[in-house]
Amino acid sequence: MRALLSILWKDLLLEIRTKETVTPVLVFALLVVVIFDFALEPRRDLIVTVAPGVLWASITFAGVLGLSRTFTLEQERGGLQGLMLAPIGREVIYLGKFLSSFIFMLAVEAAILPVFSAIFNLPFFLPQVWVQAILATLGYAAVGTVFAAMSLNTRARDIMLPVLFFPIVVPVLMAAVEGTSAALRGESWSGALRWIQLTAAFDIIFTVLGAMTFGLVLKE
Amino acid sequence: MLSYLIVLGGALMVANLFLSLVWSPPDVNLTEGVRIFYFHAPVAWVSFLAFFIVFVASILYLTRKEQRWDLLANASAEIGVLFATLMLISGSLFARIAWNVWWTWDPRLTTALILWFIYVGYLMLRAYAPQGAQGARYAAVLGIIGFVDVPIVYFSVRLRTLHPRPIGTGGAEADTFNLASPEMVITLVLSVLTFTLLFAALLWLRYRMKEVEEATERIRRDYA
Amino acid sequence: MPRLTTRFLPLALALLAWSLPALALAQGEPPTGQVSPERALPFVFAVFAVTWAAFFGYALFMARRQRDLQREVQALRQMLEKKGKE
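All values reported here derive from a predicted model rather than from experimental measurement.

Rules used throughout
Residues numbered from 1 in each chain as written. Chains lettered and ligands numbered in written order. Predicted model: local features only at pLDDT ≥ 70, side-chain atom pairs only at ≥ 80, totals over all residues. Heavy atoms only, no water. Phe/Tyr/Trp six-rings, centres within 6.5 Å; stacked < 30°, edge-to-face > 60°. Helix = DSSP H or I, 4+ residues; strand = E, 2+ residues; numbered from the N terminus. Lys NZ or Arg CZ within 6 Å of the ring centre and 35° of its normal. Core = buried A, V, L, I, M, F, W, Y, C linked by side-chain atoms within 4.5 Å. Buried < 20%, exposed > 50% of the residue type's maximum accessible area, 1.4 Å probe, protein only. 1 Å grid on protein atoms, 1.4 Å probe; cavity = no way out; pocket = protein on both sides within 12 Å on 5 of 7 lines; lining within 4 Å. Points joined across faces, edges and corners; volume = space filled by probe spheres on them. Nonpolar A, V, L, I, M, F, W, Y, C, P; charged D, E, K, R; others polar. Expected span 1.5 Å × (residues − 1). Contact = heavy atoms within 4.5 Å. Buried area = accessible area lost by both parts, 1.4 Å probe. Salt bridge = Lys/Arg side-chain N within 4 Å of Asp/Glu carboxyl O. Polar contact = N/O pair within 3.5 Å; in protein donor to acceptor, adjacent residues only side chain to side chain. Patch = residues over 30% accessible without salt bridge, like charges linked within 9 Å, V, L, I, M, F, W, Y side chains within 5 Å. Areas by Shrake-Rupley, 256 points an atom, 1.4 Å probe, with all protein chains shown as cover.

Trainee: Honestly, the packing of aromatic side chains in this entry has me stumped. Any pointers?
Mentor: For any pair of aromatic rings, geometry is given as the distance between the ring centres together with the angle between the planes. Scanning the entire structure with this criterion turns up 22 aromatic pairs over all chains. Each ring, one from Y58 of chain C and one from F61 of chain C, has its centre 5.6 Å from the other, and the planes form 35 degrees; the classification is tilted. Linking Y58 of chain C with F61 of chain C, this pair stays in helix 2 (residues 37-85), spanning 3 residues, or about one helical turn. Of the aromatic side chains, those joined through ring pairs into one cluster are F39, F83, F195 and F199 of chain B together with F48, W52 and F55 of chain C. Over the face of the ring belonging to F71 of chain A we find K97 of chain A, whose NZ or CZ atom lies 5.4 Å from the ring centre.

Set out below in structure tokens:
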């Protein structure tokens, strides 16, 4: 537990000092939102129906970018070597990395939601949306941490991470979009509940699988 | 052994062609179009079987660390992608006849497409990952994660399409068909059997070839 | 080994491309009610053509690999013989 917290703290401290992950990813996410807005401009009337999709597509693209950052930063400075030499279980490294990616992505989402809300004139500050966002981000981080570590030693890694990541997280993306739509249509919790359950099941399955397989990916 | 398999498979294939193209009767709604099904269904079944083998071989490789499981997973994934590609093409043609559209986002079709993407990614990872044991472990991890993901994808698309789906907009009533006659059932069963046998032969060939590839590579490493 | 998979991917894509004329062939008026056999047959033909072309292509690919492997074994044998003489 101490080791887990110190990995997390290390990552957070590094981020606070350098701001090399959250800031660029946030700018990128905002740009994606704006580009979608331009692309949809001719059909203003459609925006309410497509807004959840636009939101989650932007978060997914930004997320994959952020995930690849977390490990490249480690590798550039030899941090991964240090982590692997440390007398801690691989699951702990996984959970530490998983949690820090989760927090970074959530920070980006927290910043992007108000902007999104303003640009599209939609009420996104609904508790269902937030629960859905937290669960979806957990799922992204659980799968993404394994694949990011994998693509680290792979040729053409900039393309390999999204190619591996996107098909696997399709259920999470779908659930997030549907859950957000249900909330925007003014449905109560029951509308979003089955999507929340689905995402939660995904999170549990892939966090366990990730913790089990991460050591095998990391081993030299 | 392998040559017997090939002879038996060849004979079955000829019999199967006759049954599915000539002997079995046309469907009430789909008429001759139903014959696509005798190709589409077995090909789909074989691709799922192939990816299941990838899944099992990946687990065995990670627990036992024996290279043969890695070779088996690799060979099976390759043939699986071939069959999955055929599944998508024949399914698209079948959909055009039965539902009037080339493609519809119903649970089975969407799952099949995602499945295809996952295993094309698997082959790409095979090509770009580091050589040797590390790359093999990467592929095995993806082989497990990918297969576990498939039922979740299916379930999530089904959850989304609980409301009626907008297909057959052209007014085709040929939406469903049932295997009305015993000839149809026999043909389908034989087709599945034949294609499974074809898959077994291909997998065996490819696996043995991979063994030889691996052996020559090892010799080159050791002596060169 | 990586050469192999990179060679297989273009093959799969080529197959997809190859099927496009077959798809065009099968274009026509959408059916109502029962599908006429004249309309259905091009589709059946397309499926069979694509499937068999794919199997044939894969067999060809395997044969090429086999030939490459034989060459490789030959080269290795010569190399080892040379080494044995030294």
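Moving on from the model shown.
Trainee: Sorry if this is basic, but what is going on with the nonpolar core here?
Mentor: As a rule of thumb, soluble globular proteins bury nonpolar side chains together. In terms of nonpolar packing, the biggest core is built from 148 residues, with F124, F147, M150 and F206 of chain A together with F83, Y119 and Y122 of chain B touching the most fellow members. Broken down by element, this core gets its largest block of residues, 18 residues, from helix 3 (residues 67-98) of chain B.

Trainee: For this particular structure, what's the right way to read the layout of surface pockets?
Mentor: A probe as big as a water molecule, rolled over the atoms, marks out the empty space that is left. In this structure, the second largest pocket encloses a volume near 440 Å³. What lines the second largest pocket is a set of 19 residues, among which F166, V170 and L173 of chain A together with W105 and I114 of chain B lie closest to the centre. Here the lining of the second largest pocket gets 7 residues from one element, more than from any other, and that element is helix 4 (residues 107-128) of chain B. Taken together, the residues that form the lining of the second largest pocket break down as 15 nonpolar, 3 polar and 1 charged.

Trainee: Please clarify how helix 4 of chain B should be interpreted in this entry.
Mentor: For an α-helix, the turn length of 3.6 residues means that residues three or four places apart are oriented alike. Taking 1.5 Å per residue, 22 residues should reach 32 Å; helix 4 of chain B reaches 31 Å between its end C-alpha atoms and fits that length. Counting buried residues in helix 4 of chain B gives 19 out of 22 residues, a clear majority hidden from the surface.

Trainee: For this particular structure, what's the right way to read the interface of chain B and chain A?
Mentor: Interface size is commonly expressed as the accessible area that is lost once the parts come together. Counting from both sides, the interface comprises 30 residues of chain B and, opposite them, 29 residues of chain A. Buried surface at the junction of chain B and chain A, summed over both partners, amounts to about 2800 Å²; 76% is from carbon and sulfur atoms. In terms of surface lost to chain A, no three residues of chain B exceed Y128, Y138 and I145 of chain B, which account for 22% of the buried area on that side. Run the count over chain B and chain A and you get 0 salt bridges. Between chain B and chain A we count 5 residue pairs in polar contact (both at pLDDT 80 or more) in total. Looking at the side of chain B that touches chain A, the elements that each hand over two or more residues are helix 4 and helix 5 (133-160) of chain B. The element that contributes the greatest number of residues to the side of chain B that touches chain A is helix 5 of chain B, accounting for 17 residues. Considering only residue class, the side of chain B that touches chain A consists of 22 nonpolar, 4 polar and 4 charged.

Trainee: What am I meant to see in unusual backbone geometry here?
Mentor: Among all residues except glycine, the phi angle is most often negative; among peptide bonds, the trans geometry is most common. Notably, A156 of chain A is not glycine yet its phi reads approximately 55 degrees, a positive angle. Phi is positive for K65 of chain B, which is not a glycine, with a value near 60 degrees. Examined against the element boundaries, K65 of chain B turns out to sit in the loop between helix 2 (37-64) and helix 3. On the basis of relative accessible area, K65 of chain B is assigned to the partly exposed category, the value being 47%.

Trainee: Help me understand the pattern of salt bridges, please; the structure alone is not making it clear to me.
Mentor: A side chain of one charge can pair with a side chain of the opposite charge when the charged atoms of the two come close. As enumerated under the stated definition, the model contains 8 salt bridges over all chains in all. In this structure, E66 of chain B and R68 of chain B form a salt bridge, with 3.2 Å as the shortest nitrogen-oxygen distance. Judged by its relative accessible area of 29%, E66 of chain B is partly exposed. E72 of chain C is the salt-bridge partner of R220 of chain B, the closest N and O atoms lying 2.7 Å from each other. With R220 of chain B in helix 6 (residues 182-223) and E72 of chain C in helix 2, the pair connects residues from two separate chains. R220 of chain B gets classed as partly exposed once you look at its relative accessible area, which sits at 32%. Judged by its relative accessible area of 24%, E72 of chain C is partly exposed. Sharing partners across several salt bridges, the network here consists of E78, R206, K210 and E213 of chain B together with R65 and D68 of chain C.

Trainee: Hey, could you run me through a nonpolar patch on the surface in this one?
Mentor: Residues and elements named next belong to chain B. Taken together, the side chains of F18, L21, V22, W23 and I186 define a hydrophobic patch exposed on the protein surface, amounting to about 470 Å² of accessible area. Sorting elements by how many residues they give to the nonpolar patch places helix 1 (residues 2-23) first, with 4 residues. With respect to the helices and strands, the residue F18 is situated in helix 1.

Interpretation note: all reported values are geometric properties and have no functional meaning in isolation.
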